[in-house]
Amino acid sequence: MKEFGFYDDVGGVMLNEQIEISSDENAEFLVANSRKLKAEIYAPEISFYLKNSKDSVLEKSKNALLLYEARANVFDSAKDIDYQKNVGKNVVIISNGGRAELAQSLKDGGFKVIELSHFEIKFLYGAVGELSVIVLNEQGEFEVDADFVLVENARDYMLRQSGCIEIFGKSDEEILTLLNASSPTYAYKSFTTYDSSICQYHERRHEICAKCSEVCPTVAILKEDETKHLIFSHIDCINCGECISVCPSGALDSSLMPRESFYANAKLYKDKIPLVLLTDELENLNIELPENVLPFAVRSEKFLNETHLISLLQESGSSLVIYPAKRSRAMSSAIDMLNQIYELKFNKTAIFVAKNESELKDMLNKAKLIDGSQKTTSSYALPKREVFAKRLSYLVGDENLGVVYADGAIEYGKVEINQDTCTLCLSCVGACNVSALVADKSDNSIKFNPSVCTACGYCELSCAEKDTIKLTRGKIELKPEYFTYNELAKDELFKCVECGKEFATKKAVEKIATLMLPRFANQPDKIKTLYCCSDCKAKVMIKAQIAAQQSEKFYD
């Protein structure tokens, strides 16, 4: 297999020698610009750029190679897994208007068809190849099994399962082609990866997150309330990406374009103006690209979150244009937040969002390089929130730019601890799986970094002391100290009264002693153990028992 193939549907282009111009339909490539060549990756943004860009011939040559390399980077780092499922040819058509011609066309194509109206449907569930339709009519309630359910004017719940297809506006030929491509083998991928160690729902005593299951438009992510486990159904995932954009900790990531490959590709756009586009939109889009504008192709823009966007902003050193404007709530919040930050720092708009081609043309002319904004930063192995904090810290520098308010889709918080009641038991530190709260053994303190806090509130719920931890949600303070670990509570270590070894904080020892002293009244040895380390505690009790036994013998 060759690496880069180019089918010349543009005409008169000059390309780097690493790109092979070919019209051989049997030649195989890793990346190609046209479906007329066999390739692992079809990259329509290459032809789109070469046809529409006002860049010079030399710049086009350089940038075309850049676009090939970007696609190859994503392919090399992708973590998706291919799956297959054997399915049959049993089809249920649900339509109030009747689709008799469609039913006959499917039967002629070897499918078994049952026609029903919406009035007869009580519910449906399952997945492609094993769907169940609960039917209610004059004969009573019964269940119909199907491999596919075709619905005209489907209700929202009907499209949550794979194999349930909205057919309104689709021709009989389109539907037959779709079913033939999906039977007898249904191919699908894992579009997301999951790290349970930083998930803020996984195995917690209280439900404090599960945002991903709330935004999922299908049944691809469900939550198990009893065990606090997320259940993933890759066959039902439609790769919308909303779960990734809303995940506060970064536990969910795209398998097709993992964060690391996105960051690596962002570096290729230094001193370019990125135009974020959907690959599916490019074939039908023809619009003049001003000089230095370069497409950044994604399968779905809804997976983009604040960390993706600030990385592309900083690595390019430019404002961004996003088209079209099908945004998730979390992505909209990220855009609004970054625009607030860039207005405060540079008095510039960071991200332009175009809803149609007319707006796109206007915004491409407004997007510019932003002086002083370019920064190349290593993000290797850092969690999502830490990458964002690191990049935002660079923008803030030594200034105090004010405050940016975050909404419920992207949450930040400020933790305060009452030092008078805190015993430094470190339950709050153990509860924080994003390292916003840490224990510093060097000075026996609890420290907090607000720039990585997701405001989950689990530290409050885990604290054993009443009214000791307070979490305030809602704002990002754009000043240097916001990005550092600040001391919230501190205590000196208590020395064992027997051996002098430091074994716990003074407040913790005093609290336990206060609770136990009434129970140990008139038992000086037990009272002494309250101020001993674990080793000496046993020694003191053994000595007391030996002394008691000797005393009994003496009196006997």
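Residues numbered from 1 in each chain as written. Predicted model: local features only at pLDDT ≥ 70, side-chain atom pairs only at ≥ 80, totals over all residues. Heavy atoms only, no water.

As annotated in an unreviewed UniProt entry, the protein is Ion-translocating oxidoreductase complex subunit B from Campylobacter suis.

## Quick word on the packing of aromatic side chains
In this structure the tally under the stated criterion is 11 aromatic pairs. Here the aromatic rings of Tyr186 and Tyr188 are separated by 6.3 Å at their centres, their planes lie at 35 degrees, and the arrangement is tilted. Accessibility expressed as a relative area gives 17% for Tyr186, which makes it buried. A ring pair is formed by Tyr342 and Phe346, whose centres lie 5.2 Å apart and whose planes are at 50 degrees; its orientation type is tilted. Taken together, the positions of Tyr342 and Phe346, both in helix H9 (residues 329-346) and 4 residues apart, correspond to about one turn of that helix. Three or more aromatic residues joined by ring pairs make a cluster, and in this case those are Tyr83, Tyr186 and Tyr188. (Phe/Tyr/Trp six-rings, centres within 6.5 Å; stacked < 30°, edge-to-face > 60°. Buried < 20%, exposed > 50% of the residue type's maximum accessible area, 1.4 Å probe, protein only. Helix = DSSP H or I, 4+ residues; strand = E, 2+ residues; numbered from the N terminus.)

## Some thoughts on the side chain of Ser34
Here Ser34 is to be found in the loop between strand S3 (28-32) and strand S4 (38-42). Owing to a relative accessible area of 8%, Ser34 belongs among the buried residues under this scheme. At 3.0 Å, the side chain of Ser34 and the backbone nitrogen of Lys36 are in polar contact. If sequence neighbours within four positions are ignored, Ser34 has contacts with Tyr7, Asp9 and Tyr42. (Polar contact = N/O pair within 3.5 Å; in protein donor to acceptor, adjacent residues only side chain to side chain. Contact = heavy atoms within 4.5 Å.)

## Description of the pattern of salt bridges
Evaluation of the coordinates by the stated rule reveals 28 salt bridges. A salt bridge links Glu315 to Lys267; the shortest N-O distance between them is 3.2 Å. On the criterion of sequence distance, the pair formed by Glu315 in helix H8 (residues 306-316) and Lys267 in helix H7 (residues 259-267) is long-range, its members being 48 residues apart. The class for Lys267 is partly exposed, based on a relative accessible area of 34%. Shared partners join several salt bridges into a network, and the residues in it are Glu59, Lys62 and Lys272. (Salt bridge = Lys/Arg side-chain N within 4 Å of Asp/Glu carboxyl O.)

## A word on a nonpolar patch on the surface
Residues Met14, Val57 and Leu58 make up a contiguous nonpolar surface patch of about 290 Å² in total accessible area. The residue Val57 is located in helix H2 (residues 57-77) in this model. Using a relative accessible area of 52% as the deciding quantity, one classes Val57 as exposed. (Patch = residues over 30% accessible without salt bridge, like charges linked within 9 Å, V, L, I, M, F, W, Y side chains within 5 Å. Areas by Shrake-Rupley, 256 points an atom, 1.4 Å probe, with all protein chains shown as cover.)

## Concerning the sheet that holds strand S1 (residues 2-6)
Spatial strand order, S2-S1-S3-S4: 4 strands in an open sheet with parallel pairing. Bordering the open sheet on either side are strand S2 (19-21) and S4, each of which pairs with just one other strand. Shown here is a sheet whose adjacent strand axes are inclined to one another by a mean of 45 degrees, direction ignored. The pairing of S3 with S4 spans 4 bridges and is classified as parallel. The residue bridging Glu28 from the neighbouring strand is Lys38, located in S4. (Pairing = 2+ DSSP bridges. Axes fitted to C-alpha atoms, helices over the stretch in contact; angles between N-to-C directions.)

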